[in-house]
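Coordinates in review
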Amino acid sequence: MNPSTRNHALSATVMGWLLPVGLILLSGCDDRKTAVSCPDQTQVQTIGHYPAQGFLGLDILLVIDNSPSMAEKHEQLATGVMQLINALALPVPSWPWPPLDDIRIAVITGDNSAFITGAASSTVSILADAIPCGGNEPDRQCPPGWTCEGLDDSGTGLCRNSSGEEVVSCPEASSESPGPAFTETAQRDTLPLTAACLANRGTDGCAMQQPLAAAAEALSGDSIDEAFMREQSAMLVLVISNGDDCSVRDASTLCLEDGLTDSDTSPVACDAPADALYPVEEIRQMWIDAKARVSGDGHAAGSVMFSAVVDVSAEGDSAIACQGRGSDIADCPVGELTSAARFVQLAQAFENRGHVYSIANEDWSPAIEDAAVMIHQILCCTCLTQSAGYDPVTSTSPCRMVLEFRGTECPAGVDWAAQTILSSEDDDRGPVVSCKVPALARPLDCAALSEEQVAAMYEEETGWYYCENTGENFSDACSDGLDNDGDGDIDCDDSECAFCGGCVTAALSDPDRCPSKCRFDVQITRSIREAFHFPGILGNAIQCLPESPSDSPDCASDTAF
């Protein structure tokens, strides 16, 4: 199952030390009979940029509202957290991405920045028929003692306890964890339930909480930030709250007993004057600065994500307009929100790395799916804004992917397709070598590959491939201004877009009828992703040469390309 909101126009630099990736459109040779005019096979032009992903793990900071307002949300909270971690670490067969095998989770509350070291109780309540399951071991995603029932044609069902009991015993703490506050995928099978138990923080916390400031304080603690965050990992801050964010700049504690008021200033969250609260952009920068201490200034901004399941209590179209990716909710009437305004504004500041969903929805699955997709897009995939071309003879793109390194030899550990010395000792940069990544033969139609094939390729092969999604019935195609299926209707004028993102007026988009897909998709294998972190790397690029006339041997492509 895929969510419908997606922004593929990636523009921010994720890895500052990686050079921008260039995509060159194909253009034909001059087809004159009198003479053959061939393009310069050594020159490329950069007409677009997108960030290349090279993250090797994911650090998740869960910020949980433990105020009395959360009393009726605990079953949903624990179930939603388990759904999210399952989708990342133990995905069902229909999930289109491979499992993440390097996840670290820490939990704090909105009124205390101390990392939680154990479950609040020995049990937790999990909703039946809410957690997807399936695969070769269909019970693997379910709580202990539960079974996966109702498997459909894709091999996916829902977790259920035949006794009807929804109370589950929490796993015992593992001594293999890197610290008492952290849980990671070394304990893959128990990770989802462990995270759900850690997130179950009760309801005896402060009525007025500061979750955004709590996250900033936790990430900036004495050495704890470095113990939690890792240099080559992306980071997600996930806030689950049924109240306002009351992040006061000069508060002596994260527990606010009384609201702040100012009769001369329009009240905002928690009845505090606007200048008393941290601006959301400052909160965002505080998180990025904390990450920069671990990953460096160039890496930090593109490696931090934000997701919020909060009280978006506006009704009708306003409630819809305020849920989704930060880049898709620019028209949210923030002034109509009673408590989620600051969360929405922060998601907007994070753009396609931000996400908001209403805690009032009975089913949190769309929020969990969209957050998981956002994570996978940042960690796993690159989406081009224009075609890279396709050669049906070789079943590959005529373009090439290269990684550049300092030195005269491509690093060992990868079976490179070719290498080219780009500069010598006399160059200002010193010697630089371009290492060509093997091209994997794959169908042009992305849908021709099953999830199992994609996962096996990622783990077992070395290289990259290009594929395309076609038609009009997916989120990317319903916002690109093109008539993708040739029926004369563009974007929302096409009936196939009726369930997609900005085309929906009466309800949230339908992920089953409007899946999230990338128009021009580039995939790389794990071995190449790891090569992005080899010492001496300078950048990576996808390069495309102008096309030569097939009937002219004098205008053939450079075989060294």
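This is a predicted model, so every value here is computed, not measured. (Residues numbered from 1 in each chain as written. Predicted model: local features only at pLDDT ≥ 70, side-chain atom pairs only at ≥ 80, totals over all residues. Heavy atoms only, no water.)

1. Quick word on the nonpolar core
Keep this limit in mind: Residues belong to a common nonpolar core when they are buried Ala, Val, Leu, Ile, Met, Phe, Trp, Tyr or Cys residues joined through side-chain atoms within 4.5 Å. Three labels apply to residues, based on accessible area from a 1.4 Å probe with only protein chains included: buried if under 20% of the type maximum, exposed if over 50%, partly exposed otherwise in between. The numbering of helices and of strands both runs from the N terminus, where a helix is a DSSP run of H or I of at least 4 residues and a strand a run of E of at least 2.
Counting residues in hydrophobic clusters, the biggest one holds 46 residues, and the most contacted among them are Leu61, Leu219, Phe228, Trp287 and Phe306. Elements with a contribution of two residues or more to this core: β3 (57–64), β4 (103–109), α3 (211–219), β11 (233–240), α5 (280–295), β12 (304–310) and α8 (341–350).

2. Side note on the state of the cysteines
By definition, a disulfide links two cysteine residues through a covalent bond between their sulfur atoms. Here is the rule we go by: What counts as a disulfide here is a pair of cysteine sulfur atoms lying within 2.5 Å.
If you walk through the whole model with that rule in mind, you get nine disulfides. Covalently, Cys133 is tied to Cys148 through a disulfide, its sulfur atoms 2.1 Å apart. On the sign convention where negative means left-handed, the S-S torsion of about 90° between Cys133 and Cys148 marks this disulfide as right-handed. With a gap of 15 residues between them, Cys133 in strand β6 (residues 132–134) and Cys148 in strand β7 (residues 147–149) connect regions that are remote in the sequence. Accessibility expressed as a relative area gives 0% for Cys133, which makes it buried. One disulfide in the model links Cys399 with Cys544; its S-S distance is 1.7 Å. Judged by the sign of its S-S torsion, about 105°, the cystine formed by Cys399 and Cys544 is right-handed. Here Cys399 is found in the loop between β15 (382–384) and β16 (400–406), whereas its partner Cys544 is found in the segment after β21 (537–543), with 145 residues between them in sequence. For the pair shown, Cys399 and Cys544 are each scored as buried.

3. Observations regarding the environment of Glu336
Position of Glu336 relative to the elements: it lies in the loop between β13 (324–325) and α8. Taking the C-alpha atoms as reference points, Glu336 and Val312, separated by 24 residues in sequence, lie 9.5 Å from one another.

4. Quick look at the sheet that holds β3
As a reminder, the rule being used: In this analysis, strands are considered paired if DSSP registers two or more bridges between them. Any pair of residues with heavy atoms lying within 4.5 Å of one another is described as a contacting pair. Lines are fitted to the C-alpha atoms to define the axes, a helix being fitted only along its stretch in contact, and any angle between axes, read from their N-to-C directions, falls within 0 to 180 degrees.
With respect to topology, seven strands assemble into an open sheet ordered β10-β4-β3-β11-β12-β14-β13, the strand pairing being mixed. Both outer strands of the open sheet, β10 (183–184) and β13, are each paired with one neighbouring strand and no more. Across seven bridges, the pairing between β3 and β4 is parallel. Following the sheet pairing, Ile60 is matched in β4 by Ile105. Across the face of the sheet, helix α2 (residues 191–199) comes into contact with β3, β4 and β10 while running at roughly 10° to β4. Contacts between α8 and the sheet are confined to β11, β12 and β14 (354–358), with β12 contributing the most and set at about 155° to the helix.

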